[in-house]
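Now for the letters of each chain:
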Amino acid sequence: MRYQGREVDEGRVRLMMESALTARDRVGVQDFVLLENYNSEATFIENLRRRFRENLIYTYIGSVLVSVNPYKELEIYSKQQMERYRGVSFYEISPHIYAISDNTYRAMRTERRDQCILISGESGAGKTEASKKILLYFAVTCPTNDHMLTLGDRLLQSNPVLEAFGNAKTLRNDNSSRFGKYMDIQFDFKGATMGGHILNYLLEKSRVVHQNHGERNFHIFYQLLDGGDNDLLNTLNLERNPHSYRYLVKGSCPRVSSISDKNNWRVVRKALDVIGFTAEEVQKLLNIIASVLHLGNTLFGEGEEGETYITTETQLSNAAKLLGVDGSALKEALTHKKLTAKGEEMISPLNFEQAVSARDALAKAVYGRTFNWLVEKINQSLTLKAEIHHSSKDASIIGLLDIYGFEVLQHNSFEQFCINYCNEKLQQLFIELTLRSEQEEYETEGIAWETVQYFDNKIICDLIEEKHKGIISILDEECLRPGETGDISFLEKLEDTVGGHPHFITHKLANGKTRRVMSREEFRLLHYAGEVNYNVNGFLDKNNDLLNRNLKEVMCQSENQILSHCFRREEVIDQKRPEMAASQFKNSLMKLMEILMSKEPSYVRCIKPNDAKQPGRFDEVLVRHQVKYLGLMENLRVRRAGFAYRRRFEAFLQRYKPLCPETWPNWNGKLADGVSALVNHLGYKPEEYKLGRSKIFIRFPKTLFATEDALEAKKPEIAVTLQKSWRGYRERANYQRIRHAVIVIQSGWRGMKGRRRAKKRREAAHLIRRFIKGFINRHEEYCDDNDYFLDHVRCSFLKHLRKNLPRSVLDKSWPTPPALLVEASEHLQGLHMRNMVIKYCRRVQPEWKKQMMQKVVASEIFKDQKGSYPQSVGRLFLDTRLEREQISLKVLQTLGSEKVQYGVSVIKYDRRGFKPRLRQLLLTNSFAVLVDRTKIKQRLDYAALRGIFVSSLCDGMVVLRMPCEDNKQKGDAVLHCSHVIELVTKLAMMASKTNYVNVSPGSIRFTVSRTKEGIIDFIRGSELKVAKGKRGHLLVTAPQSSAT
Ligand SMILES: Nc1ncnc2c1ncn2[C@@H]1O[C@H](COP(=O)(O)OP(=O)(O)OP(=O)(O)O)[C@@H](O)[C@H]1O
Ligand SMILES: [Mg+2]
């Protein structure tokens, strides 16, 4: 096996091909190349016949498709069939027009080269049908989008319109193309149709006014009459019966059973809409069609003096109305001729014949130019839309040529001459591109080759088109020559000039046998496809294709926009003679050849099996004739002797290099060596290929297919490699972009940061400088030099102050102010203190306030006086030292309305013996009582209170001095209380006698009776002791200050 890993696939393909081949063998061979006896014409025709009988109408000669017209609908054009052929190798499946289409399409896509499909064959052989099938295949199978869907529709719908206006029933073909058509289909890089363009060639205008027996005018006339509704016909002043119109009955067969004009009318109407014709345009178009019919019915009479006049005024006015021109101007122009002689304009009447031919010329010109307008209009609708136009430079093109086929009629005229000349040219192209160039190629490439003889029709082409010597030149010359010229003089001139040419005969030059079948007005050309006698009558007129100037002038003024577009004013003004019809045709064919030569051609050779348009009939003589003149046998011989495939080394290497490790990814040596290495690796056998000087030639298609299959199988691998590289590249590029962006941002940011820092530094330096200067001048008056410093000092002091303000009134600290703020600082300190005090005061509760007031009073009394005072400062004064329950109810009742404000347990010492007795001292608002359990022992009115005495030591002795003269008051009370400071303070405050408190340092005297005094002596000692002294006084030992 040749390709590693591909055994199974290859086997499958081979098997498919071979089994298909055997199946087809039963009905001949699908490719004539496979014929054993390829030199025998009989075998060739037999193969065609066998296949035709089985409805196998397509057969290949290599890559050329031979198609035989079946004259019946075959079930081989369905969508499924299209799918079958899509993307499948040419030879893997039975021959088909779709295979050619698909192959062309794929070649266009893979090789990115413009392609063209040339369809040839004689009239009725099936060219137009084939071109429609190809178009349909592209429309259905190519990728599409919305725009392309419309475009595809328009491409397809252009056919019925062009056929209606450009095709006619002839003896050979019920739908014979009477114009040539070359269509470009443009594809974008994804392979979707993106536009189209049609070139049309020489419409057989003479058919508008004359048809041979058994033939018809262009379809549109009959379609309009048969299919148009009554209203439409009324507006056009038409009758339904075609027999009423002279232009429609020249061939005596306006109705044909095989053609449904009514249905076709509907199709055409719809197609016009799809293509984008507006209702107004359609109306204008039909006006023109109807005007031609009315013109045809415009008849002339001849007056007694030979003058011509119009006998059918209604027809004329109908025609004028529909043409949008002035009736009388038209009438004048149809019967008179305007001449310019020596700069002077002259009007001369036309004779009867001249008037008839002027009318016919007008009908032909109107129809012919309208047809051109129609093509122009269709082209506009197929033109790329602006938004996708930008990609049109990437467009690839497939051209489709469907031109009138070679035809031999009983009476052949100028039109047949042109048609057959065109076919000669196409045959030339075929020879050029297949037979001659192929053989020349083998020669230049140095490939051993046995030359195949073929008939080169260049000699006939030269006979017709050669400059000065060719038939067309002679015809032109005869048209332009002054003096008496005519068709016969043209024939004579031909005899003089090309009389000796082997392919040219006239009655005069012919031998006796030929003379019998030729009239004197004919010349015969021995075309590649057969002999044709052309009658020279009308050649000069048709070549001149002249329309009287005054008729042109009338048409220029038409209100019908189509006609005013077709008949330009410049044409009337321009005195230059337009190019002759035949030369025009010749030049357009030259251009066509150039277009075709620039593309890669594919061929469809159509064969007509019988002249009766009947299915199933295979007329061998007719077919043999076509096989012969189409050069199919030569084509086959060249194919057999030659190679199925050739490719320039670089192209071959470029395409298949991935299949060989030596050539992949690049071959750097000589191209021939690379190709050699590649084919050796692929295992080509010597008989399968040859290497020329610059090309490789592969003999059998199967060799190529195997290679192509191997490439197909390799593609995923290549795709992965490409993807890898592409992704790598993309990521790298992306990374570089990001990196660059980061660097830009970084540098921007760093720059900004640097600038900011520098600015900051500058400002800082400036500040420091100001600061130092300010410091130096700090003792100066406030000025520019020190303002900053001084402000700073102030500000920082204030800031510092703010953070270090004393938090309580007791905290007397205060930051030291700078010299300039001493005064302000003092103010602030005062303010702050007041503020704190206010705040403090606001916070103080009533009980606390009472407490404070008492403490203040205590301080006033005892501070620095009594030893136990400092210790008492920290202890809170209680509201009372006796709970209510501790006081006897009876006592309380006795007190009545006087409320006990304070109660404390005390020891009362008798004044005489100092016997201690436990008592309760209760203070009310106006007096104090000493209570012994339930009994009030002594009442001490505050008003009578003469003094309150305490010692300076840490004892609890207190003496309340009461007047001794008052008997009610039992005299001074000597008490000891553990809460002496609290008691004394409260008592003094309640009695409002704080200044009555005395703190005596040594002793306290008290009255025992009116005449007797007692003494309490206080001495310092380590602990408190109250005892009766030897002198009958009370001795109190107490520490001087309390140990905290
Ligand atoms: N593939 C086909 N299948 C069925 N019928 C076909 C096929 N090809 C041709 N025909 C029949 O043959 C007739 C003539 O074919 P077509 O119009 O394509 O001929 P042509 O080669 O274009 O002739 P001309 O040169 O006169 O235009 C068609 O109208 C159709 O009836
Ligand atoms: Mg045709």
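Starting afresh in each chain, residues are numbered from 1 along the sequence in its written order. Note on labels: chains are lettered from A, ligands numbered from 1, in written order. Totals for whole chains, interfaces and linings use all residues, but because this is a predicted model, local features are given only for residues with pLDDT of at least 70 and pairs of side-chain atoms are given and counted only at 80 or more. Side-chain metrics rest on all non-hydrogen atoms present in the structure, leaving aside hydrogens and water.

With an unreviewed UniProt entry as reference, the chain is termed Myosin Ic, paralog a, source organism Xiphophorus maculatus. UniProt positions are given in the numbering used here, feature names are shortened, and annotations may be inferred rather than shown by experiment. Among the UniProt annotations of the chain, the heading Subcellular location (unreviewed entry) holds the following wording: "Cytoplasm, Cell cortex". What UniProt records for the chain under Sequence similarities (unreviewed entry) is the sentence "Belongs to the TRAFAC class myosin-kinesin ATPase superfamily. Myosin family."

Draft legend 1. Highlighting the overall build of the chain. The helix and strand tally for the chain stands at 36 helices and 31 strands. Radius of gyration: over C-alpha atoms. The globule rule applied is 2.2 Å multiplied by the number of residues raised to the 0.38 power. For 1044 residues, the compact-globule estimate of 2.2 N^0.38 gives 31 Å, and the chain exceeds it by more than 25% at 66 Å. A principal-axis box enclosing the C-alpha atoms of the chain has dimensions of 205 × 85 × 75 Å. Within the span of the chain, comprising 1044 residues, buried residues form 50% of the whole. In what follows, a contact means two residues having at least one pair of non-hydrogen atoms within 4.5 Å. Nonlocal contacts in the chain, meaning residues at least 24 apart in sequence, comprise 63% of its contacts between residues at least 6 apart. Numbering of helices and strands runs from the N terminus; a helix is a DSSP stretch of H or I covering at least four residues, while a strand is a stretch of E covering at least two. A simple rule labels every residue: compare its accessible area, found with a 1.4 Å probe on the protein chains alone, to the largest value its type can have, and call it buried under 20%, exposed over 50%, or partly exposed in between.

Draft legend 2. The arrangement of the domain arrangement of the chain in detail. When cut into domains, the chain gives domain 1 (416–536), domain 2 (647–758), domain 3 (786–842) and domain 4 (859–1038). Placing a centre on the C-alpha atoms of domain 1 and another on those of domain 4 gives a separation of 167 Å. Domain start and stop positions are those given by an automatic or database domain assignment.

Draft legend 3. Representation of helix H27 (residues 632–641) within the structure. Counting buried positions along H27 gives seven out of 10 residues, so the element sits mostly inside the fold. Buried within H27 are the following residues: Leu632, Met633, Glu634, Asn635, Leu636, Val638 and Arg639.

Draft legend 4. Expanded view of the site of ligand 1. Taken together, 19 residues sit near ligand 1, with Asn69, Ser123, Lys127, Thr128 and Ser176 positioned nearest. Whenever two N or O atoms come within 3.5 Å, that pair is a polar contact, provided that in protein one can donate a hydrogen and the other can accept it, and provided that, for residues adjacent in sequence, both atoms are side-chain atoms. A distance of 2.7 Å separates an oxygen atom of ligand 1 from a polar side-chain atom of Asn69. Residue exposure ignores everything except the shown protein chains as possible cover, and the areas themselves are Shrake-Rupley values with a 1.4 Å probe. Considered on its own, ligand 1 offers 620 Å² of accessible surface; in the complex 90% of this is hidden by protein. Of all the elements in the fold, those that place two or more residues in the shell around ligand 1 are helix H5 (127–141) and strand S5 (176–177). Residue contributions to the shell around ligand 1 peak at three residues, all from H5. By residue class, the composition of the shell around ligand 1 is five nonpolar, 10 polar and four charged. Throughout, the term near means that a residue has one or more heavy atoms lying within 4 Å of the molecule or strand in question. In the scheme used here, Gly and all other residues not listed as nonpolar or charged are polar, with Ala, Val, Leu, Ile, Met, Phe, Trp, Tyr, Cys and Pro taken as nonpolar and Asp, Glu, Lys and Arg as charged.

Draft legend 5. Region of interest: a positive patch on the surface. A residue counts toward a patch only above 30% relative accessible area and without a salt bridge, and it is joined to like-charged neighbours within 9 Å or, for Val, Leu, Ile, Met, Phe, Trp and Tyr, to nonpolar neighbours within 5 Å. Basic side-chain nitrogens of Lys or Arg form a salt bridge, by our definition, when they fall within 4 Å of a carboxyl oxygen of Asp or Glu. In this tally Asp and Glu are treated as negative and Lys and Arg as positive; neither His nor the chain ends contributes. Taken as the charge centre is NZ of Lys, CZ of Arg, CG of Asp or CD of Glu, depending on the residue. A cluster of basic side chains, namely Arg750, Lys753, Arg757 and Arg761, defines a positive patch on the protein surface. Considering the arrangement of structural elements, one finds Lys753 in helix H30 (residues 701–776). Its relative accessible area of 38% is what places Lys753 among the partly exposed residues.

Draft legend 6. Structural detail: the confidence of the model for the chain. A score from 0 to 100, pLDDT tells how confident the predictor is in each residue. Within the chain, residue pLDDT values average 88, and 95% of them lie at 70 or more. Ignoring residues within four places in sequence, the model shows residues 1–25, a span with pLDDT below 50, making 35 contacts including any to other chains.

Draft legend 7. Quick peek at unusual backbone geometry. A cis amide bond links Trp664 with the next residue in sequence, Pro665, at an omega value of 0 degrees. Here Pro665 lies in the loop between helix H28 (649–656) and helix H29 (671–682). Phi at Lys613 takes a positive value of approximately 60 degrees, unusual for a residue other than glycine. Structurally, the position occupied by Lys613 is in the loop between strand S16 (600–607) and helix H26 (620–629).

Draft legend 8. Up close: the coordination of the magnesium ion (ligand 2). The donor definition counts N, O and S atoms within 2.8 Å of each metal and applies 3.2 Å to Na, K and Ca; water is not among these atoms, so some sites may look incomplete. Within the first shell, the magnesium ion (ligand 2) binds the protein through Thr128 (OG1) and Ser177 (OG), at distances of 1.9 to 2.1 Å. In this pair, Thr128 is assigned in helix H5 and Ser177 in strand S5, connecting sequence segments 49 residues apart. Among the residues examined, Ser177 registers a relative accessible area of 8% and is labelled buried.

Draft legend 9. Structural detail: empty space enclosed by the protein. Within this scheme a cavity is a closed region of a 1 Å grid, computed over the protein atoms alone, that accommodates a 1.4 Å probe without allowing it to escape, whereas a pocket is open but has protein on both sides within 12 Å along at least five of seven lines; lining residues each have an atom within 4 Å of a point. Grid points are joined across faces, edges and corners, and a volume is the space filled by probe spheres set on the points. One pass over the structure, following the stated rule, counts five cavities of 30 Å³ or more. Approximately 60 Å³ is the volume attributed to the largest cavity. Mapped onto the lining of the largest cavity, the elements with two or more residues apiece are strand S3 (115–120), helix H16 (414–445) and S16. A breakdown of the residues in the lining of the largest cavity according to their chemical character gives six nonpolar, two polar and one charged.

Draft legend 10. Main features of the UniProt feature "binding site: ATP" (unreviewed entry) in the chain. Under the present numbering, the feature "binding site: ATP" (unreviewed entry) in UniProt falls on Gly121, Glu122, Ser123, Gly124, Ala125, Gly126, Lys127 and Thr128. Topologically, Gly126 is positioned in the loop between S3 and H5. If we ignore the near neighbours within four places in the chain, the residues touching Gly126 are Asn69 and Cys606. Setting aside chain neighbours within four positions, we find Lys127 in contact with Ile119, Ser120, Gly121, Glu122, Asp402, Ile403, Tyr404, Gly405 and Cys606.

Draft legend 11. Local environment of the sheet that holds strand S27 (residues 997–1000). Whether two strands pair comes down to DSSP finding at least two bridges between them. Pairing in this open sheet of eight strands is mixed, and the strands run S23-S22-S21-S20-S26-S25-S24-S27 from one edge to the other. Of all the strands in the sheet, just strand S23 (935–941) and S27 have a single pairing partner and so form its edges. Ignoring strand direction, the axes of neighbouring strands in this sheet form an average angle of 30 degrees. Relative to strand S26 (residues 973–976), strand S20 (residues 902–909) runs antiparallel, the two being bridged by three bridges. Considered in S26, the bridge of Ile907 is made with His976. Geometry is summarised by axes, namely lines fitted to C-alpha atoms with helices restricted to the contacting stretch, and by angles between N-to-C directions that run from 0 to 180 degrees. Against the sheet, helix H36 (residues 980–991) touches S20, strand S21 (916–923), strand S22 (927–932), strand S24 (947–951), strand S25 (957–961) and S27, its axis set at about 115 degrees to S20.

Draft legend 12. Broad picture of the sheet that holds strand S19 (residues 695–698). Here three strands make up an open sheet; going across it, the order is S17-S19-S18 and the pairing antiparallel. Single-partner strands in this sheet number two, and they are strand S17 (645–648) and strand S18 (689–691). Adjacent strand axes in the sheet meet at a mean angle of 15 degrees, parallel and antiparallel pairs treated alike. As paired elements, S18 and S19 share three bridges and run antiparallel to each other. For Leu691, the partnering residue across the bridge sits in S19 and is Ile696. In this fold H16 packs onto S17 and S19, with an angle of close to 120 degrees to the strand it touches most, S19.

Draft legend 13. Focus on the environment of Gly616. Looking at the secondary structure, you find Gly616 in the loop between S16 and H26. As for Gly616 and Tyr71, which are separated by 545 residues in sequence, their C-alpha atoms are 7.8 Å apart.

Draft legend 14. Inspection of a negative patch on the surface at higher detail. A grouping of Glu302, Glu304, Glu305, Glu307 and Glu353 is seen on the molecular surface, where their side chains present a negatively charged patch. Relative to the helices and strands, Glu304 is located in the loop between strand S8 (300–302) and strand S9 (308–310).

Draft legend 15. Inspection of the environment of Lys1028 at higher detail. Relative to the helices and strands, Lys1028 resides in strand S30 (residues 1025–1028). The class of Lys1028 is exposed, set by a relative accessible area of 54%. Expressed as a C-alpha distance, the spacing of Lys1028 and Gly913, which sit 115 residues apart in the sequence, is 7.9 Å. Setting aside its immediate chain neighbours within four residues, Lys1028 contacts Gly913, Phe914, His1033 and Leu1034.

Draft legend 16. Highlighting the pattern of salt bridges. Scanning the entire structure with this criterion turns up 57 salt bridges. With its nearest N and O atoms 3.1 Å apart, the salt bridge here joins Asp360 to Arg359. With respect to burial, Asp360 and Arg359 carry one shared label: buried. Residues participating in the shared-partner salt-bridge network are Glu41, Glu46, Arg49, Glu620 and Arg624.

Draft legend 17. Representation of a nonpolar patch on the surface in the model. Residues Ile768, Phe771, Ile772, Phe775 and Ile776 make up a contiguous nonpolar surface patch of roughly 480 Å² in combined accessible area. Here Phe775 lies in helix H30.

Draft legend 18. Expanded view of the packing of helix H8 (residues 219–227) against helix H10 (residues 261–275). Look at H8 against H10: their axes get within 8 Å of each other, and the N-to-C directions meet at 100 degrees. With respect to H10, the axis of H8 lies roughly perpendicular. Judged by residue contacts, Ile220, Tyr222, Gln223, Leu224, Asp226 and Gly227 of H8 engage Asp261, Lys262, Asn264, Trp265 and Val268 from H10. The residue makeup of the contact of H8 with H10, split by class, is five nonpolar, three polar and three charged. Working rule for angles: under 35 degrees goes down as roughly parallel, over 145 as roughly antiparallel, 65 to 115 as roughly perpendicular, anything else as oblique.

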